[in-house]
Every structure is written in C-alpha cells, then in structure tokens.
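# Structural features, examined
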Amino acid sequence: MDKVLNTLEPQPVFHYFEEICEIPHGSFDTKRISDYCVRFAEERGLTCHQDDANNVIIIKEASEGYENAKPVILQGHLDMVCEKADGSDHDFKTDPLGLMIEGDWITADGTTLGGDDGIAVAYGLALLDNNTLPHPKLYVIFTTEEEVGMEGAHAIDLTPVSDAAYMINLDSEDEGIILAGCAGGVRANCTFDIRRTARSGLSCELAVSGLHGGHSGQEINRYGANASVLLGTLLNDLSQDLSFDIIDLTGGTKDNVITKKATATIVIDPNDEQAVTDRLKALEVLYKKNYASKDPELTLSLKTLEKGDFMVFNEASAKRAIFVLMQIPNGVQAMSLDIEGLVETSLNLGIMYTKEDYFLVSFAMRSSIGTAKEALSARVRAFTEYLGGTYTEASSYPAWEYRRESALRDMMCRTFEEMYGKTPTVEAIHAGLECGLISAKLPELDIVSIGPDMQDIHTPEERLSISSTARTWDYLVKVLENLK
C-alpha cells in the first residue's frame with residue numbers, strides 16, 4: 001500500500017501512525033494491534049507485558065546519565081471509535097483507514113481517523129525506537145477498550161510500573177492545554193418491557209439525521225440535538241395529528257457519542273403516506289429553527305418499506321417509549337462553580353435499540369463530583385423503575401482529582417514557556433480519562449495529560465493537525481530531557 005504520510009516530519013511519529021491506521025483496531029477488536037506492539041518490543045529486545053485484556057506495557061531503561069531519574073509512564077489507548085459517513089462502505093473489521101492530507105490536517109476518507117488515540121501510540125513507539133534521545137526509565141502503557149468503558153484500565157495490573165513517579169497521558173486534543181483533572185463516570189442501561197400486537201399496513205423508516213454529534217464529554221456543552229431524544233419529540237408531535245404504530249426504535253452505537261442519527265420503523269395506513277410526509281416537512285422547518293446555529297443540517301425523512309402484517313408496540317408500550325425519550329434526563333445537568341465554563345455533571349443517551357420484548361436506552365454519565373454522579377444515577381434509576389423498567393450500571397470509573405501541588409505539572413509549564421514564550425493553560429475536563437483509574441491504583445503518581453490539536457473526534461470529520469503533532473513531539477522530547 002502506498003504511504004500517504006511518508007513526507008511528513010517528524011517521520012518516525014507519522015510512520016507509526018500510518019502503520020497503526022493500516023491495522024483495524026476498533027473497540028473490542030484490539031488483539032491485532034496489541035500483538036503488533038508486542039512484536040515491536042520483541043524485535044527491539046525491550047521488556048514487554050501483555051495481559052488477557054490485550055493491554056501492553058513496554059519498558060525501556062533510562063538513557064545514559066538518567067539512571068537515577070525517577071521513572072515516567074507514557075500512556076495512551078489502542079482502540080478507536082468506529083464511525084463512518086452515510087453511504088460509506090468501509091469495513092472497520094478488515095479495511096485500513098483511507099488517510100488523506102488536507103492542508104495542515106490528516107483525515108480519513110469517510111470515517112473516523114482514530115487520532116484519538118492512535119497518535120499516543122505513535123508517540124510511544126517513536127520514543128521507544130529512538131536510542132539517541134535522553135530520558136528516564138520509560139514505562140509505555142497502551143490500554144484497550146477505553147472508548148467503551150475503559151475496560152483495559154480497569155483490568156490492567158500495574159505492578160510492573162509501581163516505582164513510577166510521573167505519568168504523561170497522551171489522550172488530549174488541544175495543544176497548549178495541560179490537563180490536570182477529569183470527571184468520573186458510569187454507563188447506565190435502562191430497559192423497558194414491550195408488549196406487541198398485530199397490525200396491517202405500510203411500514204416506513206422515519207429518520208432524524210444530519211446532526212453534529214461528537215464526543216459527549218467534550219461537546220455536550222454545545223447543547224446540540226441528540227437524534228434519539230429528538231426522535232421521541234418527533235413521534236410525539238406526529239401522534240397529535242396522525243395514527244401510526246411502532247415496530248422498532250434505533251439510535252447510536254456508543255454511549256459516549258452524541259447520537260447523530262436515529263430511526264423509528266413505523267406502520268401507517270397507506271392512505272396516510274402523503275399526510276405524514278407533509279407533516280414531517282412542516283416539523284423539519286420548526287426543528288431547524290430551534291437548532292439553526294447548532295445543527296443546521298438537521299433532516300427529517302420518511303422512507304416507505306413494504307405493505308404487510310407486522311407485530312407492533314401496543315398502545316401502552318408505545319406511549320411509554322415516547323415518554324422515556326422525551327422526559328428522561330439528558331445533556332448538561334450542572335456547570336462547575338469552581339472552573340468557569342467546565343461542565344460539572346452530564347449524561348448522554350448514546351445507545352437506543354429495540355428487541356422483540358424490550359426497549360433499551362444506554363447513557364454515559366459523568367461528573368467531577370462523586371456525590372453528584374451518585375445523585376444523577378439515583379434520579380435516572382427512580383425514573384426508570386417508576387415506569388416499570390430495569391436500571392443497571394457498568395464500567396464505573398473514578399474522577400481524576402486536581403492536585404494542588406504537582407512537580408511534573410510545574411516543570412511542564414516552565415518547559416512550555418521556555419519553548420514557546422507563552423504560558424500553557426492548566427485545566428480540568430468533563431470527559432473521562434484513564435488517569436482516574438490509574439491514579440486510583442497508584443495514588444502517589446503525579447499525572448498530567450497533553451496532546452496535539454484534533455478536531456471533531458468520534459465523527460467522520462475527525463482530523464489531526466500535522467504542525468501541532470510535530471510541536472507536541474518536540475515538547476514531549478524536551479519534557480523527558482528535563483526529568484533528569
């Protein structure tokens with residue numbers, strides 16, 4: 001395969017990034033890229049640990065003169081979010097990503113790029129492969145399934161790195177910002193029984209699409225539309241004037257991604273097709289006004305499928321499903337009183353699907369305050385159980401709390417100022433990072449998170465800045481040199 005990034009500098013970083021992009025590595029499909037990292041270590045005689053969760057720890061001894069320096073962890077994750085544009089035939093299980101260069105940006109053809117967090121893996125491999133750079137003892141940790149509950153970080157045994165003093169997480173997307181804290185989170189599933197009845201008519205697919213979507217930790221404060229939530233509003237509005245029944249509700253595949261498209265398979269009287277179409281057009285105009293600045297490409301559509309006999313939600317099940325989508329909490333719940341502009345507590349309805357006898361919605365809940373997360377969980381549980389549903393939780397992870405004193409952060413701020421003549425921003429974020437789980441296992445670890453500029457992560461418009469990648473590499477190299 002022809003290389004797209006072979007003229008870019010620093011070449012080792014972009015070389016490894018392109019190699020990573022040639023290996024399918026979506027969440028729960030990380031064995032191949034994990035094995036690739038193990039082979040990399042073995043070929044260079046580096047100590048390597050791989051566990052049953054496909055986490056990888058690669059160890060490189062300190063360079064000459066740094067034998068007495070405190071060891072440092074460099075950490076990122078191996079999995080990527082697999083999203084593609086409508087009409088794309090890309091198969092994330094088999095196909096390499098189609099990399100493209102557009103000015104200062106690297107993108108992928110019709111898919112997510114996986115810069116989150118492939119660039120961290122590329123930085124780590126490039127550092128391990130270089131025998132001329134000064135550095136303390138390096139522990140390079142690549143975790144798995146970060147995008148689906150941080151399962152790798154939950155499972156990893158950090159005994160081999162227990163003497164580390166510092167950790168630089170490389171899972172951030174804004175150059176010049178040093179992260180020093182993040183929200184904790186939990187995945188919540190709300191399940192409601194469905195009873196069905198027979199109905200004859202014309203089946204149709206009703207769709208809400210064209211939304212911005214995005215990462216629910218970083219872009220929840222855009223206050224854009226969530227397609228599944230908006231679908232509930234749409235079904236309610238249609239029900240005021242027209243008769244229909246629901247066969248299926250579907251929206252989203254990742255709880256931490258704001259849903260861009262949601263569909264309802266419905267059954268209507270064939271004679272009502274034009275009336276439904278006309279009403280849909282009128283509602284689209286109204287919804288577009290509501291989201292003009294946030295989701296200008298919002299689209300409502302109706303596609304006829306077939307005439308026949310169908311098993312549909314009974315009246316009570318349909319009313320309850322629509323009520324859930326309209327009324328269950330979603331989006332920003334509270335803003336931080338300590339850090340201006342920071343979301344304190346939120347939840348995102350990221351997954352919705354229907355089986356024969358039940359309807360499920362799944363949320364990513366986040367808060368930088370543990371008690372606020374618990375209170376939100378209790379609220380959604382009460383809502384669900386009041387309606388006769390079942391509430392369960394999984395993949396809970398703690399917040400990474402801000403440390404008032406951090407030698408690593410102070411040194412990295414000084415280094416940034418010396419290199420670029422300006423002070424970096426130190427902040428916490430609402431998104432979840434593996435730093436919380438790792439700091440819980442190694443409480444004395446001094447941690448920061450950095451990364452190059454990326455935009456629109458978790459969407460097919462995701463892109464990685466070439467120039468920022470280079471500057472962040474230079475910065476990382478200098479930071480390791482200064483850890484002597």
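This one's a predicted model, so the numbers in the text were calculated from it and none came from an experiment. (Residues numbered from 1 in each chain as written. Predicted model: local features only at pLDDT ≥ 70, side-chain atom pairs only at ≥ 80, totals over all residues. Heavy atoms only, no water.)

## Quick look at the UniProt feature "domain: Peptidase M20 dimerisation" (unreviewed entry) in the protein chain
Quick note on the threshold: UniProt positions are given in the numbering used here, feature names are shortened, and annotations may be inferred rather than shown by experiment. Here a strand is any run of E in DSSP of at least two residues, a helix any run of H or I of at least four, and the numbering for each starts at the N terminus.
The feature "domain: Peptidase M20 dimerisation" (unreviewed entry), as given by UniProt, occupies residues 212-292 in the numbering adopted here. Measuring from the first to the last C-alpha atom of residues 212-292 gives 12 Å, for a span that is 38% helix and 20% strand.

## Things to note about the nonpolar core
Threshold: Buried Ala, Val, Leu, Ile, Met, Phe, Trp, Tyr and Cys residues that are joined via side-chain atoms within 4.5 Å together make up what is termed a nonpolar core. Here the term buried applies to any residue with accessible area under 20% of the maximum for its type, exposed to any over 50%, and partly exposed to those in between, with areas from a 1.4 Å probe on protein chains only. Residues count as neighbours in contact if any of their non-hydrogen atoms are within 4.5 Å of one another.
Residues F17, I106, I168 and M412 are the most contacted members of the largest nonpolar core, which totals 64 residues. The element that contributes the greatest number of residues to this core is helix 3 (residues 115-128), accounting for 9 residues. Discounting residues that sit within four places of it in the chain, F17 has contacts with L5, I106, L113, G114, G115, G118, I119, A122 and L464. Counting 51 residues, the second largest nonpolar core, distinct from the first, contains C204, L231, L283 and L349.

## Comments concerning the sheet that holds strand 20 (residues 454-455)
Operational definition: Strands are treated as partners if at least two bridges between them are detected by DSSP.
An order of 4-5-21-20 is seen for the 4 strands of this open sheet, with the pairing classed as antiparallel. The open sheet has two free edges, formed respectively by strand 4 (99-102) and strand 20, since each of these has just one partner strand.

## Let's talk about the domain arrangement of the protein chain
The following threshold applies: Start and end positions for the domains come from either an automated domain assignment or a database one. Accessible area that two parts lose when put together, with a 1.4 Å probe and added across both, is what the buried area reports. Whenever a carboxyl oxygen of Asp or Glu lies within 4 Å of a side-chain nitrogen of Lys or Arg, that contact is scored as a salt bridge. Polar contacts, as used here, are pairs of N or O atoms within 3.5 Å; protein pairs need one atom able to donate a hydrogen and one able to accept it. Residues neighboring in sequence count only if both atoms are side-chain atoms. Under the convention adopted here, Pro, Cys and the residues Ala, Val, Leu, Ile, Met, Phe, Trp and Tyr are nonpolar, Asp, Glu, Lys and Arg are charged, and Gly plus all remaining residues are polar.
One can read the domain layout of the protein chain as domain 1 (11-183 + 400-482) and domain 2 (186-397). On a C-alpha basis, the centroid separation for the pair domain 1 and domain 2 is 33 Å. With 23 residues of domain 1 at the interface, the matching set in domain 2 holds 25 residues. Note on domain 1 versus domain 2: buried area summed over both sides is about 1,900 Å², and carbon and sulfur give 56% of it. Area buried by domain 1 at its contact with domain 2 is led by A183, H430 and H458, which between them contribute 30% of it. For the pair domain 1 and domain 2, the number of links is 1 salt bridge. Put simply, domain 1 and domain 2 have 8 residue pairs in polar contact (both at pLDDT 80 or more) between them. Contributions of two or more residues to the side of domain 1 that touches domain 2 are made by helix 4 (151-155) and strand 18 (425-429). Looking at the side of domain 1 that touches domain 2 residue by residue, the classes come out as 11 nonpolar, 6 polar and 6 charged.

## Description of the packing of helix 5 (residues 227-239) against helix 6 (residues 273-290)
Inclusion rule: As a rule, the C-alpha atoms of each element are fitted with a line to give its axis, helices using only the stretch in contact, and angles between N-to-C directions run from 0 to 180 degrees. Put simply, angles under 35 degrees are roughly parallel, angles over 145 are roughly antiparallel, angles from 65 to 115 are roughly perpendicular, and the rest are oblique. The sense of a crossing depends on the near helix, which, turned anticlockwise from the far helix by less than a right angle, makes the crossing left-handed and, turned clockwise, makes it right-handed.
Contact pair helix 5 / helix 6: the axes reach a minimum separation of 11 Å and the direction vectors enclose 135°. Considered as vectors, helix 5 and helix 6 are oriented oblique to each other. For the pair helix 5 and helix 6, the crossing hand works out as right-handed. For the pair helix 5 and helix 6, contact is made by L230, T233, L234, D237 and L238 and by R279, L280, L283 and Y287, respectively. Class assignment for the residues of the contact of helix 5 with helix 6 results in 6 nonpolar, 1 polar and 2 charged.

## Structural notes on the layout of surface pockets
Using the following cut-off: Points on a 1 Å grid over protein atoms alone make up a cavity when a 1.4 Å probe fits among them but cannot get out, and a pocket when they form an open set with protein on both sides within 12 Å along at least five of seven lines; lining residues each have an atom within 4 Å of a point. Grid points are joined across faces, edges and corners, and a volume is the space filled by probe spheres set on the points.
Taken as a whole, the largest pocket spans an internal volume of roughly 640 Å³. Lining of the largest pocket is provided by 27 residues; of these, E83, K84, D86, K260 and K261 occupy positions nearest its centre. Contributions of two or more residues to the lining of the largest pocket are made by strand 11 (245-253) and strand 12 (262-268). In terms of residue count, strand 11 provides more of the lining of the largest pocket than any other element does, 4 residues in total. Its residues placed into classes, the lining of the largest pocket shows 8 nonpolar, 9 polar and 10 charged. Of the domains in this structure, domain 1 (11-183 + 400-482) and domain 2 (186-397) are the two that each give at least three residues to the lining of the largest pocket. Put simply, the second largest pocket is a space of about 450 Å³. Along the walls of the second largest pocket sit 24 residues, with D174, Q218, E219, E427 and I429 positioned nearest its centre. Those elements that provide at least two residues to the lining of the second largest pocket are strand 8 (177-182), strand 18 and strand 20. When residues of the lining of the second largest pocket are assigned to their parent elements, the largest contribution, 3 residues, is made by strand 18. Partitioning the lining of the second largest pocket into residue classes produces 11 nonpolar, 7 polar and 6 charged. Two domains share the lining of the second largest pocket, each providing at least three of its residues, namely domain 1 (11-183 + 400-482) and domain 2 (186-397).

## A look at empty space enclosed by the protein
Taken as a whole and judged by the stated rule, the model has 6 cavities of 30 Å³ or more. Roughly 250 Å³ of volume is contained in the largest cavity. For the largest cavity, the lining is made up of 24 residues, of which E146, M150, N256, R366 and Y397 are closest to its centre. Sorting the residues of the lining of the largest cavity by element identifies strand 9 (184-193), strand 16 (358-367) and strand 17 (390-397) as the ones contributing at least two each. Taken together, the residues that form the lining of the largest cavity break down as 10 nonpolar, 6 polar and 8 charged. Two domains each donate at least three residues to the lining of the largest cavity, and these are domain 1 (11-183 + 400-482) and domain 2 (186-397). When its volume is computed, the second largest cavity comes out at roughly 90 Å³. Lining the second largest cavity, in full, are D174, E175, G176, I177, I178, F416, Y420, I450, G451, R471, T472 and Y475. Broken down by secondary-structure element, the contributors of at least two residues to the lining of the second largest cavity are strand 8, helix 9 (407-420) and helix 11 (466-482). Among the elements that take part in the lining of the second largest cavity, helix 11 stands out by supplying 3 residues, more than any other.

## Remarks on the side chain of S172
In this fold, S172 is placed in the loop between strand 7 (166-169) and strand 8. Polar side-chain contacts of S172 include one of 2.6 Å to the side chain of S449. Aside from chain neighbours lying at most four places away, what touches S172 is L179, S449, I450, G451, P452 and M454.

## Focus: the pattern of salt bridges
Going through the model one piece at a time under the given rule, you end up with 16 salt bridges. As a salt-bridge pair, K319 and E315 come within 3.2 Å of each other at their nearest N and O atoms. In this pair, K319 and E315 both sit in helix 7 (residues 315-327), 4 residues apart, roughly one turn of the helix. In this structure, K319 and E315 share a single accessibility class: exposed. Residues joined by salt bridges that share partners form a network here, namely E43, R44 and D129.

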